[in-house]
Amino acid sequence: SSKKIIMPHFGSSNSLTFSNQLIKIENESFCIQPVLIKGGKAFDFTTYKHNKYKAAFIEQINKFSNSSSILLGFGNLDCNLDIGILKYCRKYNKNIIEVSEKTIKGYLDYMERNLPKNIKNRYYLGVTAPSIKNNIDNELYISQKTLIRQFNSILKREVLAIGSSFIDSYALTSNQFGENNANHKIDQWDHLPHDSLEILFNKYLFKN
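Residues numbered from 1 in each chain as written. Predicted model: local features only at pLDDT ≥ 70, side-chain atom pairs only at ≥ 80, totals over all residues. Heavy atoms only, no water.

Caption draft 1: Region of interest: the overall build of the protein chain. If you tally the helices and strands in the protein chain, you get six helices and seven strands. Reading the helices (α) and strands (β) of the protein chain from amino to carboxyl end gives β-β-β-α-β-α-α-β-α-β-α-α-β. Computed over its C-alpha atoms, the radius of gyration of the protein chain comes to 16 Å, within 12% of the 17 Å expected for a compact globule of 208 residues. Dimensions of the protein chain along its principal axes, counting C-alpha atoms only, are 50 × 40 × 30 Å. Across the 208 residues that make up the protein chain, the buried fraction comes to 50%. Residue pairs in contact within the protein chain that sit at least 24 positions apart in sequence constitute 72% of those at least 6 positions apart. On the protein chain, roughly 10,900 Å² of surface is accessible, and the fraction owed to carbon and sulfur atoms is 48%. Taking the average place of the 27 positive charges on the side chains of the protein chain and the average place of its 19 negative ones, the gap between the two points comes to 5 Å. (Helix = DSSP H or I, 4+ residues; strand = E, 2+ residues; numbered from the N terminus. Rg over C-alpha atoms; globule rule 2.2 N^0.38 Å. Buried < 20%, exposed > 50% of the residue type's maximum accessible area, 1.4 Å probe, protein only. Contact = heavy atoms within 4.5 Å. Areas by Shrake-Rupley, 256 points an atom, 1.4 Å probe, with all protein chains shown as cover. Lys, Arg positive; Asp, Glu negative; His and termini not counted. Charge placed at Lys NZ, Arg CZ, Asp CG, Glu CD.)

Below you can see the structure in the form of structure tokens.
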């Protein structure tokens, strides 16, 4: 069999989704290795201050200095109902689009500055569409749907602008109303199943 190349997948709990999954990209075979940055949000990499998420990232990324490709899956917690952008905007009466843009640009800037130069293939994962939650205020849920749609749109635009690749998890999981279509989820947190990785790379991968 062909040699399997390790591709680290950095993220919060979503990084465990494709653990040890095999994927073939342009005639090269990769094995996904999860790298959990517990509780990590895109926002945590935007601040100038050092924090535990940056420390964990730097410690782990140094272990993959010989890797040629990487999956980056931060953003899900930023779009959570209880923490992240939505809570911040409601508390301080801020604009969702403006806060999303600032968060995403800061996150991408940090990653592109700190990833080893030999990691040429940088795949940024989008955020999955949200599932309907019966115990949540309808107005709040609508705001979350808006946030996730806008967050993905901005993330895709900015990732392609810097010459990296975007994987559109939102397009895979969203129905016409911006809600999770339930075709690709394994739990209440909308984590993706193993077999969705191949679908994402084959149908929802965007390159500059």
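Caption draft 2: Representation of the pairing of strand S4 (residues 69-72) within the structure. Going residue by residue along S4, you find Ser69 and Leu71 tucked away on one face and Ile70 and Leu72 tucked away on the opposite face as well. For strand S1 (residues 4-11) and S4, the ladder comprises two bridges, and the chain directions are parallel. Note that in S4 the partner of histidine 9 across the bridge is leucine 71. Alignment of S4 against strand S5 (residues 121-125), held across four bridges, turns out to be parallel. Within S5, the residue paired with serine 69 across the bridge is asparagine 121. (Pairing = 2+ DSSP bridges.)

Caption draft 3: Here's a closer look at the sheet that holds strand S7 (residues 205-206). Taken in spatial order, the seven strands make up an open sheet running S2-S3-S1-S4-S5-S6-S7, and their pairing is mixed. Each of the sheet's edge strands pairs with one partner strand only, and the pair in question is strand S2 (22-25) and S7. Relative to the sheet, helix H4 (residues 138-161) contacts S5, strand S6 (165-167) and S7, its axis offset from that of S6 by approximately 155 degrees. Helix H6 (residues 196-203) rests against S2, strand S3 (28-36), S4, S5, S6 and S7 of the sheet, and its axis sits at about 15 degrees to S2. (Axes fitted to C-alpha atoms, helices over the stretch in contact; angles between N-to-C directions.)

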